[in-house]
Amino acid sequence: MKTPPAPAHSGATILLVDDNPHGMVARRTVLEELGYKVYTGTSGQEALNVLQHQTVDLVITDFRMPNMDGVELITRIRQLRADLPIILLSGFVEPLGLTEESTGADVVLSKSAGEVGFLVRSVRRLLSRQPVRKPLDSEHMPQSKKARNAG
């Protein structure tokens, strides 16, 4: 069996949120085998508690959970840390029309047979991306104004 390459962000910390213990254990095992440190929460409130006490590099959350669904959790996380990468998982992506735009997640993945591969690739991509840099005011200027201001 071929050993998977080390993650681009080896040692990164992930918060995994899911009320289904079987899904939680399976995903946690895969992520830990790839070298990630994984905190878990079985509800939105547990996830928010972890975020208050631990430094986390990425969040993976289920959509359907009691008391607070994944979209509400994402909204609350964005209020705390707008830059935190978030992956939303759901078995209802298509029927509910869940998208990155409608949920606030960076990536929305459907729970499926190929989920693990998509999840690992998404985690690696999000952890290796450069932080978003706000453009300078001069970069907002139309080319004609830049030319006038330069000369």
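The rules behind each value
- Residues numbered from 1 in each chain as written.
- Predicted model: local features only at pLDDT ≥ 70, side-chain atom pairs only at ≥ 80, totals over all residues.
- Heavy atoms only, no water.
- pLDDT = per-residue confidence, 0-100.
- Helix = DSSP H or I, 4+ residues; strand = E, 2+ residues; numbered from the N terminus.
- Contact = heavy atoms within 4.5 Å.
- Salt bridge = Lys/Arg side-chain N within 4 Å of Asp/Glu carboxyl O.
- Buried < 20%, exposed > 50% of the residue type's maximum accessible area, 1.4 Å probe, protein only.
- Expected span 1.5 Å × (residues − 1).
- Arc of directions from axis to C-beta.
- Phe/Tyr/Trp six-rings, centres within 6.5 Å; stacked < 30°, edge-to-face > 60°.
- Lys NZ or Arg CZ within 6 Å of the ring centre and 35° of its normal.
- Pairing = 2+ DSSP bridges.
- Axes fitted to C-alpha atoms, helices over the stretch in contact; angles between N-to-C directions.

Draft legend 1. Local environment of the confidence of the model for the protein. Per-residue pLDDT for the protein has a mean of 84; in total, 79% of the residues score no lower than 70. Summarising per-element confidence for the protein, the mean pLDDT is lowest in helix 7 (residues 137-140) (45) and highest in strand 1 (residues 13-17) (98). For the stretch residues 133-141, pLDDT sits under 50, and the model shows six contacts to residues farther than four places along the chain or on other chains.

Draft legend 2. Summary view of the pattern of salt bridges. The final tally for this structure, using the stated rule, is eight salt bridges. Note that arginine 27 and aspartate 18 form a salt bridge whose closest N and O atoms lie 2.9 Å from each other. A salt bridge links glutamate 115 to arginine 27; its shortest N-O distance comes to 2.6 Å. With glutamate 115 in helix 6 (residues 115-128) and arginine 27 in helix 1 (residues 21-33), the pair connects residues that are 88 residues apart, well separated along the chain. Residue class for glutamate 115 comes out buried when judged on its relative accessible area of 7%.

Draft legend 3. Main features of helix 1. With 13 residues, helix 1 should reach 18 Å at 1.5 Å per residue; the first-to-last C-alpha distance of 18 Å fits that figure. Considered for burial, the residues of helix 1 that qualify are Gly23, Met24, Arg27 and Leu31. Within helix 1, the buried residues cover an arc of 100 degrees as seen down the axis, which keeps them to one side. Of the exposed residues in helix 1, those oriented more than 90 degrees away from the buried face are Pro21, His22, Val25 and Glu33. Buried residues belonging to helix 1 abut strand 1, strand 2 (37-41), strand 3 (58-62), strand 4 (86-90) and helix 6.

Draft legend 4. The arrangement of the packing of aromatic side chains in detail. Scanning the model with the defined rule gives zero aromatic pairs in all. When the ring centre of phenylalanine 92 is taken as reference, the NZ or CZ atom of arginine 64 above it lies at 4.1 Å.

Draft legend 5. Spatial organisation of the sheet that holds strand 4. Spatially, five strands are ordered 2-1-3-4-5 in an open sheet, and the strand pairing comes out parallel. In this open sheet, the two strands that pair with only one neighbour each are strand 2 and strand 5 (107-110). Strand-to-strand twist in this sheet, taken as the mean axis angle between neighbours without regard to direction, amounts to 20 degrees. Of the strand pairs in this sheet, strand 1 and strand 2 are connected by five bridges, and their pairing is parallel. Bridge assignment links leucine 15 to a residue of strand 2, and that residue is tyrosine 39. Contacts between helix 1 and the sheet are confined to strand 1, strand 2, strand 3 and strand 4, with strand 2 contributing the most and set at about 165 degrees to the helix. Sheet strands in contact with helix 2 (residues 44-53) are strand 1, strand 2 and strand 3, and its direction is about 160 degrees off that of strand 1.

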